[in-house]
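Structure assessment
Below are the chains, spelled out letter by letter.
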Amino acid sequence: SNVTNMRTMFYAAGTNSTNFTLNLGNNFNSNKVTDMGYMFGFIGQHGLNFVNIDVGNNFNTANVTDMTGMFVNTISNMNRFTLNLGNNFDTGNVTTMYVMFQNVGRNKATDININWGNKFNMSSVTNSTQMFNTFGTNLVNSTVIDLSAGNFTNITNNARMFANVPADKVTI
């Protein structure tokens, strides 16, 4: 595939669904993409129960530089969210993660499960402003946001990166 821009590709998909699953399988070719801004933003925003997103093992993000709002407002009014970033969710070249997970599960979510994979890397990120702002504010059961292996040395703007996130849900 020669696609380089997947900005808003699945934006607001499943907005009014009771249950929504997006499985990209193993044939989704994203190896030349540089922009994934808002790609999954607002998925399941007004739904009732759960959203499951599985990007598959061929979801290649090695060339992506912009993940602005990639999952912003996903399931902001739903109960459960599962996100599997797979084995190729390589963020080593990403410079912008502005509002990437902002408002995920902010109103009703009681269970958020994220498989970060082994390539979630923030070493090139310069802008992580509001990246997790109001992420899961009502969480009861969830995977902790574990960024303990992260490299934050190049971040120059991280205002409100974890604003309104329960302190026990973050490991740095």
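Residues numbered from 1 in each chain as written. Predicted model: local features only at pLDDT ≥ 70, side-chain atom pairs only at ≥ 80, totals over all residues. Heavy atoms only, no water.

Helices and strands together make up the secondary structure of the protein, namely zero helices and seven strands. Listed N to C, the secondary structure of the protein is β-β-β-β-β-β-β in terms of helices and strands. Over its C-alpha trace the protein gives a radius of gyration of 15 Å, about what one expects of a compact globule, namely 16 Å for 172 residues. When each of the 172 residues of the protein is scored for burial, the buried share is 47%. Of the roughly 7300 Å² of accessible surface on the protein, 42% is carried by carbon and sulfur atoms. Here the protein contributes 8 positive and 7 negative side-chain charges, whose respective centroids are spaced 7 Å apart. (Helix = DSSP H or I, 4+ residues; strand = E, 2+ residues; numbered from the N terminus. Rg over C-alpha atoms; globule rule 2.2 N^0.38 Å. Buried < 20%, exposed > 50% of the residue type's maximum accessible area, 1.4 Å probe, protein only. Areas by Shrake-Rupley, 256 points an atom, 1.4 Å probe, with all protein chains shown as cover. Lys, Arg positive; Asp, Glu negative; His and termini not counted. Charge placed at Lys NZ, Arg CZ, Asp CG, Glu CD.)

The next point concerns the packing of aromatic side chains. Evaluation of the coordinates by the stated rule reveals 13 aromatic pairs. Their ring planes at 80° and their centres at 6.4 Å tell us that Phe101 and Phe135 sit as a pair that is edge-to-face. A residue pair is termed long-range when its members are at least 10 positions apart, and Phe101 in the loop between β3 (80–84) and β4 (111–115) and Phe135 in the loop between β4 and β5 (141–142) qualify at 34 residues. Taken individually, Phe101 and Phe135 each receive the classification buried, so the pair is uniform in this respect. The structure contains a cluster of three or more aromatic residues connected by ring pairs, namely Phe10, Phe28, Phe40, Phe59, Phe71, Phe89, Phe101, Phe120, Phe132, Phe135 and Phe162. (Phe/Tyr/Trp six-rings, centres within 6.5 Å; stacked < 30°, edge-to-face > 60°.)

With respect to the element layout, Ser128 can be found in the loop between β4 and β5. Judged by its relative accessible area of 0%, Ser128 is buried. Apart from the residues lying within four places of it in its own chain, the contact partners of Ser128 are Met97, Met122, Ile155, Asn157, Asn158 and Met161. (Contact = heavy atoms within 4.5 Å.)

With 46 residues, the main nonpolar core has Phe40, Phe101 and Phe120 as its most contacted residues. Going through the elements one at a time, β1 (19–23), β2 (50–54), β3 and β4 are the ones with two or more residues in this core. In this structure, Phe101 is in contact with Phe71, Leu83, Trp116, Phe120, Met131, Phe132 and Phe135, ignoring residues within four places of it in sequence. (Core = buried A, V, L, I, M, F, W, Y, C linked by side-chain atoms within 4.5 Å.)

With that out of the way, let us pick up the pairing of β4. Judged by which residues are buried, β4 turns out to be one-sided: Ile112 and Ile114 face inward and are buried, whereas Asp111, Asn113 and Asn115, on the alternate face, are not. Where β3 meets β4, five bridges bridge the pair, whose relative direction is parallel. The partner of Asn84 across the bridge, within β4, is Asn115. (Pairing = 2+ DSSP bridges.)

Another aspect to go through is unusual backbone geometry. Unlike most non-glycine residues, Tyr38 shows phi in positive territory, near 55°. Secondary-structure assignment places Tyr38 in the loop between β1 and β2. Exposure remark for Tyr38: the relative accessible area of 22% places this residue in the partly exposed category. At Asn103, a position not held by glycine, the phi torsion is positive, near 65°. Within the secondary structure, Asn103 is located in the loop between β3 and β4.

This next bit is on the pattern of salt bridges. Applying the stated rule across the entire model yields two salt bridges. A salt bridge links Arg7 to Asp35; the nearest nitrogen and oxygen atoms lie 2.8 Å apart. Within this pair, whereas Arg7 is found in the segment before β1, its partner Asp35 is found in the loop between β1 and β2, the two being separated by 28 residues in sequence. Under the relative-accessibility criterion, Arg7 is labelled partly exposed at 33%. Between Asp66 and Arg7 there is a salt bridge whose closest N-O contact spans 3.6 Å. Separated by 59 residues along the polypeptide, Asp66 in the loop between β2 and β3 and Arg7 in the segment before β1 bring together distant segments of the chain. Shared partners join several salt bridges into a network, and the residues in it are Arg7, Asp35 and Asp66. (Salt bridge = Lys/Arg side-chain N within 4 Å of Asp/Glu carboxyl O.)

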